[in-house]
Amino acid sequence: MEQKTLVLGVIGADVHAVGNRILAYAFSQAGFKVVNIGVLSTQEEFIQAAVETGAAAILVSSLYGHGEIDCCGLRKKCGEAGIGDILLYVGGNLVVGKQDFSSVEKDFIEMGYDRVYPPGTMPERPIEDLRKDLGLIGNGAELCT
Ligand code: B12
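About the cut-offs
Residues numbered from 1 in each chain as written. Predicted model: local features only at pLDDT ≥ 70, side-chain atom pairs only at ≥ 80, totals over all residues. Heavy atoms only, no water. Helix = DSSP H or I, 4+ residues; strand = E, 2+ residues; numbered from the N terminus. Buried < 20%, exposed > 50% of the residue type's maximum accessible area, 1.4 Å probe, protein only. Lys, Arg positive; Asp, Glu negative; His and termini not counted. Salt bridge = Lys/Arg side-chain N within 4 Å of Asp/Glu carboxyl O. Contact = heavy atoms within 4.5 Å. Pairing = 2+ DSSP bridges. Right-handed = clockwise from strand over helix to strand, strands pointing away. 1 Å grid on protein atoms, 1.4 Å probe; cavity = no way out; pocket = protein on both sides within 12 Å on 5 of 7 lines; lining within 4 Å. Points joined across faces, edges and corners; volume = space filled by probe spheres on them. Nonpolar A, V, L, I, M, F, W, Y, C, P; charged D, E, K, R; others polar.

### Observations regarding the side chain of aspartate 14
- On the secondary structure map, aspartate 14 appears in the loop between strand 1 (5-11) and helix 1 (18-29).
- Comment: no salt bridge for buried aspartate 14; closest opposite-charge side chain is arginine 21, at 14 Å.
- Sequence-distant contacts of aspartate 14, defined by excluding residues within four places in its chain, comprise Val39, Leu40, Ser62, Leu63 and Tyr64.

Given below as structure tokens:
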């Protein structure tokens with residue numbers, strides 16, 4: 001099966017590196033090609049990496065509480081770069097403090113993200129979602145020999 005490329009990074013002035021490294025490892029182990037642009041990444045760097053590698057998805061982390069500011073406008077910029085339909089996931093500690101996640105999720109969906117993950121999400125969940133969203137499972141074909 002074709003190996004899908006994921007662009008992974010931590011957006012803005014955020015230096016939280018541990019989750020990023022864990023996600024990169026977990027996605028690689030799950031069979032994805034991971035382009036990890038690491039911490040302190042701008043929206044433009046995510047997009048440039050996705051365009052250059054023909055990525056199937058961009059996965060954005062934001063841990064330090066400024067996610068709403070840093071993540072806003074990424075979908076529009078993807079459109080301007082010709083990758084408007086790319087899958088966009090976001091997760092981490094997206095807002096300051098403990099806020100009702102359903103309202104955080106709604107805000108990020110309105111910003112154009114396809115999936116939004118609460119604090120402390122384990123890698124298994126986005127891996128399963130990626131397989132569904134990228135059509136890698138779900139029609140039973142993988143079970144037939
Ligand atoms: C270590 C740490 C630091 C270290 C980071 C060192 C480094 N280079 O990594 C240092 C000391 C530098 C630091 C600094 C700061 N930190 Co800090 N830090 C932490 C701490 C204790 C642990 C983070 C960590 O490594 N977690 C372990 C990893 C494995 O978990 P994770 O990052 O959450 O990632 C997992 C999931 O969230 C998920 N995930 C993450 N991203 C994504 C994306 C997608 C798409 C998906 C699906 C899943 C996903 O997958 C990962 C694996 O399961 C947390 C508190 C905590 N217990 O989480 C605070 C914390 C993140 N920090 C916080 C803050 C406020 C700061 C500072 C602003 C403090 C300050 N005033 O200076 C600065 C910001 C610096 C900056 N510019 O980024 C807050 C954020 C609060 C918020 N968002 O409301 C936290 C939550 C502490 C707290 N309770 O207040 N920090």
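### Things to note about the environment of cysteine 72
- Take cysteine 72: it is sitting in the loop between helix 3 (67-71) and helix 4 (74-80).
- Between the C-alpha atom of cysteine 72 and that of phenylalanine 108, which follows or precedes it by 36 residues, the distance is 8.2 Å.
- Once residues within four sequence positions are removed from consideration, cysteine 72 is found in contact with Gln43, Gly67 and Met111.

### Regarding the pairing of strand 2 (residues 33-41)
- Sheet topology places strand 1 next to strand 2; six bridges connect them, and they run parallel. Paired with glycine 9 across the bridge in strand 2 is glycine 38.
- For the crossover that starts at strand 1, traverses helix 1 and ends in the parallel strand 2, the hand is right-handed.

### Overview of the pattern of salt bridges
- Evaluated as defined, the whole model comprises seven salt bridges.
- Among the ionic pairs, arginine 75 bridges to aspartate 114, the shortest N-O distance being 2.8 Å. Of the two residues, arginine 75 is situated in helix 4 and aspartate 114 in the loop between helix 5 (101-110) and strand 5 (115-116); the sequence distance between them amounts to 39 residues.
- Relative accessible area serves as the criterion here: at 17%, arginine 75 is assigned to the buried category.
- Aspartate 114 sits in the partly exposed class, given a relative accessible area of 36%.

### A look at the layout of surface pockets
- The volume enclosed by the largest pocket comes to roughly 390 Å³.
- Among the secondary structure elements, those contributing two or more residues to the lining of the largest pocket are helix 1, strand 3 (57-62) and strand 4 (87-92).
- Here the lining of the largest pocket gets six residues from one element, more than from any other, and that element is helix 1.
- Its residues placed into classes, the lining of the largest pocket shows 17 nonpolar, nine polar and no charged.
- Roughly 170 Å³ of volume is contained in the second largest pocket.
- Here the residues of the lining of the second largest pocket are counted per class, giving seven nonpolar, four polar and one charged.

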